[in-house]
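# Commentary on secondary and tertiary structure
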Amino acid sequence: MSAGPHLPAAGSEVSGDAVAGARPPARGRVRRWLGWVLYGLVLAGVGALLLTAVLTMPPEVFIRLQHALRGAAHVGVMVQVAVCAWIVIQWRLVVLIGRRRGIVAKRELRRVLALRWHAALFLTLYLVAVPIGPSRLLQAVTMVLAGPKF
């Protein structure tokens, strides 16, 4: 009794990862990508509406909006720092979620769990390079060096 051309025989020693790595049928691939395409279209539509709103507002309103958003930028940085800290603290959970979704193979699990501090270093470099940025770091250092003003 043969298991078919794409499935291993019942007594074979092929791991479950090899069978799980087989390509899904075309219908499944299209359905999986359709959600992402719709998500992208919604984001593009919202972006177009925001761009239209910004281009049609008077300059004084735009300047006030710009000052308000600049003042709230630290909130976004704090949220990103909190998310990065959560990833490092809950590294085992993050890796197990990756295992469940097929991102981390069973044979790689132990090695990926050991990469916690490498991920922490990468996330720290990300925070310094992207959301915090050199100008904000220079501003923070200047504020610390200047000391409190009485």
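Keep in mind that what you see is a predicted model, and the values were worked out from it rather than measured. (Residues numbered from 1 in each chain as written. Predicted model: local features only at pLDDT ≥ 70, side-chain atom pairs only at ≥ 80, totals over all residues. Heavy atoms only, no water.)

Together, Trp 33, Trp 36, Tyr 39 and Leu 43 make up a nonpolar patch on the protein surface, roughly 530 Å² of accessible area in all. With respect to the helices and strands, the residue Trp 36 is situated in helix α2 (residues 26-56). We classify Trp 36 as exposed; its relative accessible area is 57%. (Patch = residues over 30% accessible without salt bridge, like charges linked within 9 Å, V, L, I, M, F, W, Y side chains within 5 Å. Areas by Shrake-Rupley, 256 points an atom, 1.4 Å probe, with all protein chains shown as cover. Salt bridge = Lys/Arg side-chain N within 4 Å of Asp/Glu carboxyl O. Helix = DSSP H or I, 4+ residues; strand = E, 2+ residues; numbered from the N terminus. Buried < 20%, exposed > 50% of the residue type's maximum accessible area, 1.4 Å probe, protein only.)

Okay, the packing of aromatic side chains next. Following the criterion strictly, the structure yields one aromatic pair and no others. Taking the centre distance of 6.1 Å and the plane angle of 80 degrees together, the rings of Trp 36 and Tyr 39 count as edge-to-face. Pair noted here: Trp 36 and Tyr 39 are both in helix α2, with a separation of three residues, about one helical turn. Given the relative accessible area of 48%, Tyr 39 is considered partly exposed. Sitting over the ring of Trp 117, Arg 116 keeps its end group 5.8 Å from the ring centre. (Phe/Tyr/Trp six-rings, centres within 6.5 Å; stacked < 30°, edge-to-face > 60°. Lys NZ or Arg CZ within 6 Å of the ring centre and 35° of its normal.)

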